[in-house]
Structure formats: structure tokens, C-alpha cells
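Spelled out, the chains give:
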Amino acid sequence: MKEIIKRGEIEKLSHSELVNLNMNLSKKLQQSIAHENLYLDVASVLCLALDNEGKIVLLNPKGCEILETTKEEAIGKNWFEMFVSKEQSTHAKELFLAIVTGKHDMAEYYENQVITANANQRIIAWHNALLKDNDGTIIGTFSSGEDITKMQESQFEIERMAHYDILTNLPNRLLLGGILEHSLMQAKRNHTKLVILYVDINKLKDINEIYGHDIGDAVIAQVASMLSAIIRLEDTLSRIGGDEFVIILEEIQEAIECERTLQQIIQLFEQSIQTRIGALILSVSVGIAVYPDDGQNGDTLLKNADIALRQAKEDKNNYCFFAHEMSVQLHERVLMEQELRRAIDNQEFIVYYQPQIDLFTGEILGAEALVRWRHPTLGIIRPDTFIPLAESNRLIIPIGETVLTMACAAVKKWKDANIFKGRVSVNVSGKQFQLPDVVETLTHIIEQSSLDFESIELEITESVLMGDPQVLSEKFSRFKALGIEVAIDDFGTGYSSLSYLKRFPIDKLKIDQSFVRELPNNDSDSAIIKAIIAMANALGFKTIAEGIEEEDQASFLKELGCMQGQGYLYARPLDEQAFEAFLIANSTLHKI
Ligand code: G
Ligand code: G
Ligand code: MN
């Protein structure tokens, strides 16, 4: 150890020299530390000595500065109680005690967080040594520490800048590569698909040239925040160049599932984008590549999505799949969806009514309301063509409400004219029934039409019963309390077990027409129907058979104890006028 150190040289003292210095110091710890204090006073690192209990026996001025304390305040205090966070204090102290009792090795170097006297957090890089007396007994520790808080912050910042785009704060191309690799591994493992959407803002170059780059930048930033609002949590949005974004959609079963996001992106650009110089109307092009169909690795997928993007631009289309057939399929769906939206606005939906008959008396007990789409050029479209799409994009919700509104108005008219009694049965989609406010919405519509609740029955499919039983029960009970009946549609095709049917206060089971079709000769169908009827009787539910076309089907069902029927044998679904005529023709006895 250097005996004479000039002040200028002290800052250059290495850690081992400082340790030596303090080894020396510890010997005289109790006697005099005046001489060494001179060095410690000017050292540019924090110097700290703790005794075997963790009490501070030495803290130099630099240490006081970093820890925002004074020597007077710190000396004699327990380090772990004063400068270590509450969460880490107990553990750190236990470790320290294990070290000074020789039960645990001391780490020569580590970085950790300390809490200053003013409760600020600092990150310190420590060099540590044990202090021993002449016999080699551990009497404490000596540490020199450097405040690396700033350095670490700027390191984070440098890292952030290397991986994130400054304008939008989104992952950049470099980070995207890493994320994509990870996502691909996961997709491979889970046998799911992965969709890459390569999104490009059209004509941004012109905006930059005409209005300047700051407006161009503002547009990009706004598009970035609009895009991040529509993707799901598990998806990734990144900006990989001027006006180009890449979206990774994860955990996709079928490529077509990207349709929603794609539609949302296109819709975003149907609105104008507000800037300092006014609203701008922009458009977008999207190229799509799908793992594993269009490539096995990130580079290939990105390249192919880019090729699809160029194709979309060439076709002046909003999007293009790398694989052509997908574009055609989706294009048709998109057209249909636009048509559906237009149909709602133009009130192109009408309701047909199919009578429901008491199999024993022939009385007309009610009618099922069945929606039809009166398309301006294609004519009447049956629901099988558009209901599945409407279910997937939730347009079924406004459509279902329209049907109920129209059915209520018609029934009100027939009741007032005294040509109809009984109930109108309205189909409610699972998507509708799942809405938390379904009871309020539907009862409000009925009330608006001044129709009594006893004139309404709701048909829901068996699959709805798979939902949360408590929530379902509550909804059923509320409908029941009002006098609205609930029937389970297409019964027998789902998974209803006796045990979970009995939980619900429902009124009626509609036996699916697939069981009726081959009656009376199909033994297994007869057996199923028998079982359904026995179960319904036991639980106090009414039964109705759908799709009765033949007289012998009807009589067989009667034999089995089925109470009601619906089908072409009695009447096809009829438009409003035809159903009204049907009611009047059968009005003498209200029987057929
Ligand atoms: O009417 P039809 O003949 O083609 O009906 C086909 C299917 O469409 C049936 O399963 C029927 O339940 C359903 N459907 C008919 N009208 C409506 C409606 O207004 N809402 C819902 N959700 N489904 C309906
Ligand atoms: O699934 P839901 O019960 O809502 O379906 C009723 C459907 O059954 C409608 O599509 C309606 O047009 C159809 N339908 C009604 N009666 C008959 C019938 O006797 N035979 C056949 N094949 N279909 C019928
Ligand atoms: Mn139905």
C-alpha cells in the first residue's frame, strides 16, 4: 500500500487499494481513523464499513452525498433498516449475517438498489471485502460503491432507442424480428396460425411533399395510435419504416379470422384524420401472409406479405392475401357484410310467420317469427344465407331487435283485430342473449309496442345453455316473472343433459326437425323423441315438434305425447298478409 498519496491521486485508488486501506483501518477501527479519513474524505466513490450486525461504522462524504444523509445521522444505524427497501430488508440482512458468520460466500461485485434518506432510489455497483482482525476473525465488511443510476437509465434509453421507433413508440423492425421469431415458435408448438398484416398508408409521400414532414409525422403518429386501439392484447403492432406498419395476429385457427381486424383497419381509414391544417382523407393498403401456409420463417413471411401489399396497391384494392383464393373468399364476405349493413339502414328485413298448432285440438296456439331479407335485386333471401355472417360480425343484434319490433307491431294489430290469440315466438341469437342488458332491451321493445308480455315467447338455441348457469338462470327468471316464455330451439342437437336443463326456469322444448323427418319409421329417432318428451313431462316443459310435413308424422308424434307442432303440413312460413289471411280463414274455430 502506498504510504504517501497525493490528493490528486486518491481518485485513482483501485478497489483493492481501498480495501487494503481499510483492512488497515479496521485494525485501528476503535482507536483512530483520522489518518485514513483523509483519503476517504476525497474518494470519488461511496465507502462504507459495516460491523457484524450491519451497523454503519464508516461512511465517507461521497457516501453521505449519494445517500442524502450526514455522517452524524448514519453512523451507528443499521444499514439494512436505513438504506434498504422494506421488501428487501429482511432477506438482505439475513444474507449479510450468513456472510459475516462465514456461512455464505461474499460476492465481490454486485449491483443493487438502495433507498436514500430522502427516499430516492439509486442503483449502486458495489465492490465488497470482508474486514478481519489480526486473528483472521471477521469483524465486518467494507464496500466501495458507485452510483450507476444515470448510467443505467441512459443504457435503458439507448436500448429503447435501438428497439422502438421514436415517433410512435412502437417496436421497430429490429424488435419486430425478435417478436416474430418468438411468436412463430409458439405457433409451431400450439399448431396455430399466425397472420402478418403489412399495412401501408397510401399517398403519404404526397402529404409530406404538399404539407411538409411535420404533418406527415402527425398522420403517422395518429394512425399508429388508432391501429394500436384495434388490435388485441396478444397481437403486435410495429412500425418498420416511413408509412409502413406490420401487425402480427397470434393464435389464429383459420386465416379468415383476420377479417375482423382487416375490416377495422379499413374502417379506420373511412374516417378523416385530423391534423393542424385540417382533416385529411387517406386510404390504406394491406398485404397479408399466413404462417405456415405462406412461409415458415419470419423473413419469408414478411417478404410475402410485402409482395401481397404491392399486389393490393396494383389492384387498387384495400388488401390482398399472398394466396389469391383467400382474397376472393374474403372479398365476397366483405361485399356481403357491406350489403347487410346497408340492408339494416334501408329496412330490408321483413318477418314471415309460421303457425304453431295444438296437435290434439288443431287450435292455432301461436306463430314463429322468421326473418327474411328482401334484397332489392336478389329477391327474398333465407336466413341460412346471412345469419351465420350476421352472428360473426354481431349484426345479428340489430337484426334481432328489428325482428322483435316488427313482430310485436304485427301481433298487436292482429290482437286488436281479434283474429289472433296466443304467442308469437321470436328467435333470439346467442350473441343477443349473452348481452348483459338483454332483458332490459327486449322488454323495452315489447313495451314500446304496447303489447302484453304474455304474447311473447323467445326461442334460444341449446348452445346458449352452455353459458354461466347463474347468469342464465337470472335472465330466465326475470323473463318468466314478466310472463315472457322461453323455448329451447333445435332441441336434441346440442349437449343438454337432464341435470342442467332442470336448473333453468324454461317453458318449452322445440324438438329439432332432424328427428321428425324420418318418422314414423326411424326407430332411433322415435326413441330420442320419446326420451325428450318423457323428460319434458317430468320437468314440466311443453313440447313442440318442428318440420312436420306428413299426416303420419303428426299422428305418430301425438301417440308419443307431443303436444304441439309446426311445419309445412299446416303452413309454410307466410308473409304478414298471407298469415293474416290464414288467421281469418281459420278464425271460425281458430282451428285447422
Ligand atoms: O326461416 P328459416 O326458414 O329459413 O330459418 C333458418 C334459421 O334461421 C332457423 O334456425 C331460424 O331459427 C333462424 N332465424 C330465423 N329468423 C331469425 C331471427 O329473427 N333471429 C335469429 N337469431 N335467427 C332466426
Ligand atoms: O331452427 P328454427 O326452428 O328456428 O327453424 C325453423 C326453420 O324450419 C325455418 O327455416 C323454417 O322455414 C323451417 N321449416 C318449418 N317447417 C318446416 C317443414 O315442415 N319442413 C322443412 N323442411 N322445414 C321447415
Ligand atoms: Mn326457431
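Only a predicted model underlies this, so the values are computations on that prediction, with no experimental measurement involved.

(A) Broad picture of the domain arrangement of the chain. The domain architecture assigned to the chain consists of domain 1 (43-152), domain 2 (171-323) and domain 3 (334-585). Facing the five residues of domain 2 at the interface are five residues of domain 3. Counting each side, the surface lost to burial between domain 2 and domain 3 is near 380 Å², with a carbon and sulfur contribution of 34%. The largest contributions to the domain 2 side of the interface with domain 3 come from Glu259, Arg260 and Gln263, which together make up 75% of the buried area. Here domain 2 is connected to domain 3 by zero residue pairs in polar contact (both at pLDDT 80 or more).

(B) Region of the structure containing the coordination of the manganese ion (ligand 3). The protein atoms donating to the manganese ion (ligand 3) are Glu368 (OE), Asn427 (OD1), Glu459 (OE) and Asp489 (OD), with metal-donor distances spanning 2.1 to 2.4 Å. Each donor residue of the manganese ion (ligand 3) lies on one chain, and together they are spaced E-x58-N-x31-E-x29-D. With Glu459 in strand β17 (residues 456-461) and Asp489 in strand β18 (residues 485-491), this pair connects stretches of sequence that are 30 residues apart. For the pair shown, Glu459 and Asp489 are each scored as buried.

(C) How the structure looks around the site of ligand 2. Close contacts around ligand 2 come from 16 residues, with Asp490, Gln513, Glu546, Glu549 and Tyr568 the closest. For ligand 2, an oxygen atom lies 3.0 Å from a polar atom in the side chain of Asp489. At a separation of 2.8 Å, an oxygen atom of ligand 2 approaches a polar backbone atom of Tyr568. Among the secondary structure elements, those contributing two or more residues to the shell around ligand 2 are β14 (364-375) and β18.

(D) Quick peek at the packing of aromatic side chains. As enumerated under the stated definition, the model contains 16 aromatic pairs in all. Centre to centre, the rings of Phe349 and Phe386 are 5.6 Å apart; their planes meet at 45°, and the pair counts as tilted. Placement of the pair is Phe349 in strand β13 (residues 349-358) and Phe386 in helix α15 (residues 383-392), with a sequence separation of 37 residues. Neither residue differs from the other here; Phe349 and Phe386 are each classed as buried. The ring of Phe360 is capped by Lys558, whose NZ or CZ atom sits 5.9 Å from the centre of that ring.

(E) Representation of the packing of helix α18 (residues 438-448) against helix α19 (residues 469-482) in the model. Two elements in contact, α18 and α19, have axes separated by 10 Å at closest approach and are oriented at 25°. Taken together, α18 and α19 sit at an angle that is classed as roughly parallel. Between α18 and α19 the crossing geometry is right-handed. From α18, Val438, Val439, Glu440, Leu442 and Thr443 reach across to α19, where they touch Lys475, Arg478, Phe479 and Leu482. Residue composition of the contact of α18 with α19, by class: five nonpolar, one polar and three charged.

Quick notes on the rules
Residues numbered from 1 in each chain as written. Chains lettered and ligands numbered in written order. Predicted model: local features only at pLDDT ≥ 70, side-chain atom pairs only at ≥ 80, totals over all residues. Heavy atoms only, no water. Domains from an automatic or database assignment. Contact = heavy atoms within 4.5 Å. Buried area = accessible area lost by both parts, 1.4 Å probe. Polar contact = N/O pair within 3.5 Å; in protein donor to acceptor, adjacent residues only side chain to side chain. Donors = N, O, S within 2.8 Å, 3.2 Å for Na, K, Ca; no water. Helix = DSSP H or I, 4+ residues; strand = E, 2+ residues; numbered from the N terminus. Buried < 20%, exposed > 50% of the residue type's maximum accessible area, 1.4 Å probe, protein only. Near = heavy atom within 4 Å. Phe/Tyr/Trp six-rings, centres within 6.5 Å; stacked < 30°, edge-to-face > 60°. Lys NZ or Arg CZ within 6 Å of the ring centre and 35° of its normal. Axes fitted to C-alpha atoms, helices over the stretch in contact; angles between N-to-C directions. Parallel < 35°, antiparallel > 145°, perpendicular 65-115°, else oblique. Left-handed = near helix turned anticlockwise from the far one by under 90°. Nonpolar A, V, L, I, M, F, W, Y, C, P; charged D, E, K, R; others polar.

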